[in-house]
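# Examination of the molecular architecture
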Amino acid sequence: MGCAIAVVIVVVLFAAAVNRDVDSALTGGLNLAIWIALIGGVLWLASKANEKNKAKIAADKNAAKDKKRAERSSRAYGWQRQTREAKLPSPRHPGPVQLSLSGSVREAVSDADRARRTIREVLAALTTGVADEARAHAEVFRPPVERLCEAGRFLQEEEDHGRYNVWWGPERKGTRPTREAVGQIKDLLLWASARRLLFSGIHPDAERLLDPVAGPLAERFRELLSTRYGRADDGAGIAVLPPGEWEAFLGDLHRALAEVADGLAALPRPKLLPLMHRPKEARFKEHVSGEAMEQDLRDFLAETAKLKEAALTGEWPSRFGPEWRLDGGVLDGFVTEEIRRRLARGTEGFEFAARWSTDRLDAGSFARGYLAYVTIALDYLTEVLGNMADYKRDSAPQSGHRIEIGGDVTHSNFILNSTVRDITTVLAPVAGRDDRLAEAIEALSAAVRDDPELPDGEREELLYHVKDIAEAAAEPGEKQKRGRAKLALSAVTEAAKGGAQLAQAVTAWHDVLSKMF
């Protein structure tokens, strides 16, 4: 306004100077000022009206935006409520693995040698059976995985930086697996967990193959399935993800199952459990009665044999379960740890196989596996019982060169030489019939005794294997002894990889020994 007055004064003075008519100049200047004021007022009123109109437009726009946000918020909360209430399919238990094994259970556990082979057969058949199941599951998720998905919608929270609030953004499109596919995935993951548990501790290679499915992929599925924070899915109970995320998971699942199936099928046949014999020498703990120990062992063997027969002919005994001890705790009375270690080596894996049940493995295969371990233990403990007189003698106070390390008895060269002499005695009838065979077996026993590269802990056990070969040679008509000798020769041949002297003897006499079988 000050500028306008100054302009008026300048104009008036200029008019006065030019026209020399002050009155006329003042009148003209006043009129000009009035017009300027009128025009300014009109412009001011127009600007105010424009500002008011802009404010109304902005208010309407914000109102529409708030209404849209309210609608989205209502829709999001409704979807979230429906998601919480949605009932997804529960996983179905995979049921027991059905194995196809030849012969009866009684035949499969008729003796310790047959029982060892039975355990290997059960594990091999179990590996094959689970491989077939994995292949069937992989077929369910075969490409194209898009057929297992459907379209879905979701809302994502967004921050309004201008108003410092978080609102639901616009509706977006994505995909999710169908309810049927979710049920199939849950069934599969429960299957993988159950089958991994079957192999746990008893077949580590097979267990490792199932780890990716039962572990990382299962965890990834749980993360994908749950609606993420700040998200609202369209109420189906299954998270809707941007296109491609669910499809990538399903593709990875199919590949992992194919690898499980192929990997299990390619695994080598499980090794036979070692054929263990009782140690020749052992001592009781202090204040333990040898007579009482002998009676306890005799009673336990009789009781276990009855339970085994009951399992073979009728209802499964409730005492045969995960808590059953194969020695009944009787061997705890020995200070010699070796007597327990040998049983543990010969029945390795029992504590895991004992956890099997008929809802994981068919009843016949479960009985074979469990009773096979029981049979091996019975055979070993029967040997222990047969040597109790020697153990009583060993436990009596006596002089000698016995050395104790950590409570265990270390066998001297005298014991090893005694076993070699036993082998020579057994071979007496063989020498007149087949000198070469007798010479071959004596060469094996000498090599086992003298090879410096063999671990001391295995030397006596290997001599027992050589004795099995000698007994079969002495009685060639005994089929059971011949079968035991064949396994013993395999054990000696395997041990020869660790000793040059024994390896030389095995190589030199292999053809002669092989003729026994």
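A few points on the structure. Fair warning: this is a prediction, and the values are worked out from it, not measured in the lab. Once a new chain begins, its residue numbering starts again from 1 and follows that chain's sequence as written. Two thresholds apply to this predicted model, a pLDDT of at least 70 for residue-level local features and 80 or more for giving and counting side-chain atom pairs, whereas whole-chain, interface and lining totals are computed over all residues. Only hydrogens and water are removed before side-chain values are computed, so all heavy atoms of the structure are retained for them.

### Focus on the overall build of the chain
- Under the DSSP-based scheme used, a helix requires at least four consecutive residues in state H or I and a strand at least two consecutive residues in state E, with every element numbered from the N terminus. When its secondary structure is counted, the chain shows 18 helices and six strands.
- Here the chain holds 517 residues, and 42% of them are scored as buried.
- Residues count as neighbours in contact if any of their non-hydrogen atoms are within 4.5 Å of one another. Restricting the contact set of the chain to residue pairs at least 6 apart, pairs at least 24 apart contribute 77%.
- Surface accessibility follows the Shrake-Rupley procedure with a 1.4 Å probe radius. Residue values consider only the protein chains on display as shielding. As displayed, the chain has an accessible area near 27,500 Å², and 55% of this comes from carbon and sulfur atoms. Partly exposed describes any residue whose relative accessible area lies between the buried limit of under 20% and the exposed limit of over 50%, with all areas from a 1.4 Å probe on protein chains only and scaled to the type maximum.

### Details of helix 12 (residues 388-395)
- Turning to helix 12, its buried residues are Met 388, Tyr 391 and Asp 394. Seen from one end, helix 12 has its buried residues packed into an arc of 115 degrees, which puts them on one side.
- Residues of helix 12 that are buried make contact with helix 8 (290-313), helix 9 (338-346) and helix 11 (363-386). Note that the arc is defined by the directions from the helix axis to the C-beta atoms.

### Some points on the nonpolar core
- In plain words, nonpolar cores are sets of buried Ala, Val, Leu, Ile, Met, Phe, Trp, Tyr and Cys residues tied together by side-chain atoms within 4.5 Å. Within the largest apolar cluster, 85 residues are counted, with the highest numbers of intra-cluster contacts made by Leu 126, Trp 246, Phe 249, Phe 334, Trp 356 and Val 384.
- The element contributing the most residues to this core is helix 11, with 13 residues.
- When neighbours within four sequence positions are excluded, Phe 334 is seen to be in contact with Ala 282, Arg 283, Phe 284, Lys 285, Met 293, Ile 339, Arg 340, Val 384, Met 388 and Tyr 391.
- Counting 34 residues, the second-largest nonpolar core is a separate cluster that includes Val 420, Val 426, Ile 441 and Ala 473.

### Examining a nonpolar patch on the surface
- Each patch is built from residues lacking any salt bridge and having more than 30% relative accessible area; the joining distance is 9 Å for like charges and 5 Å for nonpolar side chains (Val, Leu, Ile, Met, Phe, Trp, Tyr). Here, a salt bridge means any side-chain nitrogen of Lys or Arg that lies within 4 Å of a carboxyl oxygen of Asp or Glu. On the surface, Leu 30, Ile 34, Trp 35, Leu 38, Ile 39 and Leu 43 cluster together into a nonpolar patch covering about 650 Å² of accessible area.
- Among the structural elements, Ile 39 can be located in helix 2 (residues 22-85).

### Overview of the packing of helix 6 (residues 204-225) against helix 7 (residues 245-266)
- Axis definition: a line fit to C-alpha positions, over the contact stretch in the case of helices; interaxial angles, taken between N-to-C directions, run 0 to 180 degrees. It is at 9 Å that the axes of helix 6 and helix 7 come closest, and there the two elements cross at 170 degrees. When the axis of helix 6 is compared with that of helix 7, the two are roughly antiparallel. With respect to the hand of their crossing, helix 6 and helix 7 are arranged in left-handed fashion. Between helix 6, through Ala 206, Leu 209, Leu 210, Val 213, Leu 217, Arg 220, Phe 221, Leu 224 and Leu 225, and helix 7, the contact on the second element is made entirely by Trp 246, Ala 248, Phe 249, Asp 252, Leu 253, Ala 256, Val 260, Gly 263 and Leu 264.
- The residue makeup of the contact of helix 6 with helix 7, split by class, is 15 nonpolar, one polar and two charged. For classification purposes, angles smaller than 35 degrees are called roughly parallel, those larger than 145 roughly antiparallel, those between 65 and 115 roughly perpendicular, and all remaining angles oblique. Left-handed describes a crossing whose near helix is turned anticlockwise from the far helix by less than a right angle; the clockwise case is right-handed. Amino acids outside the nonpolar list (Ala, Val, Leu, Ile, Met, Phe, Trp, Tyr, Cys, Pro) and the charged list (Asp, Glu, Lys, Arg) are all regarded as polar, and Gly is one of them.

### Quick look at the packing of aromatic side chains
- Between rings of Phe, Tyr and Trp, where Trp is taken as its six-membered ring, a pair exists when centres lie within 6.5 Å; planes separated by under 30 degrees are stacked, by over 60 edge-to-face, and by other angles tilted. Inspection of the entire model under this criterion finds 14 aromatic pairs.
- Relative to Phe 249, the ring of Phe 221 lies with its centre 5.9 Å away and its plane at 25 degrees, an arrangement referred to as stacked. Placement of Phe 221 in helix 6 and of Phe 249 in helix 7 is noted, with a sequence separation of 28 residues between them. As far as the burial class goes, Phe 221 and Phe 249 line up, both buried.
- For Phe 249, a relative accessible area of 0% gives the class buried.
- Three or more aromatic residues joined by ring pairs form one cluster here, namely Phe 300, Trp 316, Phe 320, Trp 324, Phe 350, Phe 366, Tyr 370 and Tyr 373.

### Some points on a negative patch on the surface
- Together, Asp 434, Asp 435, Glu 439 and Glu 442 make up a region of like negative charge exposed at the surface.
- Here Asp 434 is to be found in the loop between helix 14 (428-431) and helix 15 (435-450). The sign given to each residue is positive for Lys and Arg and negative for Asp and Glu; His and the chain ends receive no count. For charged residues, the charge sits on one atom: NZ in Lys, CZ in Arg, CG in Asp, CD in Glu.

### Section: the pattern of salt bridges
- Counting across every chain of the model gives 28 salt bridges.
- Here Arg 325 ties to Asp 327 by a salt bridge, and the two come within 3.5 Å at their closest N and O atoms.
- Connected through shared salt-bridge partners, Glu 337, Glu 338, Arg 341 and Arg 342 make up one network.

### Here's the deal with unusual backbone geometry
- Along the chain, Pro 143 connects to Pro 144 via a cis peptide bond; the corresponding omega equals -5 degrees.
- Its place among the elements puts Pro 144 in the loop between helix 4 (112-140) and strand 1 (149-160).
- Even without glycine at this site, His 287 takes up a positive phi of about 70 degrees.

### Focus: helix 5 (residues 179-199)
- Compared with an ideal rise of 1.5 Å per residue, which puts 21 residues at 30 Å, helix 5 spans 31 Å between its outermost C-alpha atoms and is within 8% of the ideal.
- Looking one or two residues beyond helix 5, the residue adopting positive phi is Gly 201, at roughly 80 degrees. Multiply 1.5 Å by the residue count of a helix minus one, and that product is the helix's expected span.

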